[in-house]
Amino acid sequence: METMLIFMLVILEKNVPTMELAFRELTSCLEYKVALVHQDIGQHAIVMPKNRHFDAYCEPRVVPVADVGTKLLLRDPPPKKEEN
């Protein structure tokens, strides 16, 4: 069975996992986490105060390739086009 490494964003409410979102790249997972936890999509959102209602973290997981696209929907943003 073929496997692949993904990064799971685990969202916690009152320190209890309530939702999980899958990402192919760690950078995408971390950017999404910072935007959610700090309620800001700016480049320097990490300096903003944290949301008091929930927290989140990214963790690596190894999953079967067959699950990707069927049981797991990867939420990575489309690649950005480079400007010349």
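None of the values given here were measured: they were computed from a predicted structure.

Q: Residues and numbers for helix H1 (residues 26-38), please.
A: Helical periodicity: at 3.6 residues per turn, an α-helix aligns residues three or four positions apart in one direction. Here H1 spans 18 Å end to end across 13 residues, near enough to the 18 Å set by a 1.5 Å rise per residue. Elements in contact with the buried residues of H1: strand S1 (3-13), strand S2 (16-23) and strand S3 (55-64). Where H1 terminates, the next one or two residues include Gln 39, which has phi positive at roughly 55°.

Q: Quick rundown of the state of the cysteines? Include the residues and the values.
A: Applying the stated criterion across every chain, the model contains 1 disulfide. Linked covalently through their sulfurs, Cys 29 and Cys 58 form a disulfide whose S-S length is 2.1 Å. In this structure, the disulfide formed by Cys 29 and Cys 58 twists by about -110° around the S-S bond and is classed as left-handed. Placement of Cys 29 in helix H1 and of Cys 58 in strand S3 is noted, with a sequence separation of 29 residues between them. On the basis of relative accessibility, which here comes to 0%, the residue Cys 29 falls in the buried class.

Q: Give me the lowdown on the sheet that holds S1, citing residues and values where you can.
A: Within the open sheet, the 3 strands sit side by side as S2-S1-S3. Their pairing is antiparallel. Every other strand in the sheet has two partners, leaving S2 and S3 as the edge strands with one partner each. Across the sheet, the mean angle separating the axes of adjacent strands is 30° when strand polarity is ignored. Summarising the sheet, S1 and S3 pair through 10 bridges and their orientation is antiparallel. Each bridged residue has a counterpart across the sheet, and for Met 4 the counterpart in S3 is Val 63.

Q: Give me the lowdown on unusual backbone geometry, citing residues and values where you can.
A: For Lys 14, which is not glycine, the phi dihedral falls at a positive 55°. Within the secondary structure layout, Lys 14 lies in the loop between S1 and S2. The class of Lys 14 is exposed, set by a relative accessible area of 80%. Its identity is not glycine, yet Asn 15 carries a phi of approximately 60°, on the positive side.

Q: Lay out the environment of Lys 81 with the relevant residues and their values.
A: Here Lys 81 lies in the segment after S3. With a relative accessible area of 80%, Lys 81 lands in the exposed category. On a C-alpha basis, the gap between Lys 81 and Asp 40 in space is 23 Å, while along the polypeptide they are 41 residues apart.

What counts and how
Counting of residues starts from 1 at the beginning of each chain's written sequence and follows it residue by residue. In keeping with the model being predicted, local features are shown solely for residues with a pLDDT of at least 70 and side-chain atom pairs are shown and tallied solely at 80 or more, while totals for entire chains, interfaces and linings include all residues. For side-chain calculations, the full set of non-hydrogen atoms in the structure is used, while hydrogens and water are omitted. Starting at the N terminus, helices and strands are each numbered in turn, a helix being any DSSP run of H or I of at least four residues and a strand any DSSP run of E of at least two. One fewer than the residue count of a helix, multiplied by 1.5 Å, yields its expected span. What makes two residues a contact is simply this: any of their non-hydrogen atoms within 4.5 Å. Note that a disulfide, as used here, is simply two cysteine sulfur atoms within 2.5 Å. Partly exposed describes any residue whose relative accessible area lies between the buried limit of under 20% and the exposed limit of over 50%, with all areas from a 1.4 Å probe on protein chains only and scaled to the type maximum. Two strands make a pair as long as DSSP finds a minimum of two bridges between them. The axes used here are C-alpha line fits, helices contributing only the stretch in contact, and every angle between their N-to-C directions lies in the interval 0 to 180 degrees.

So far we have only geometry, and geometry alone does not tell us how the molecule works.
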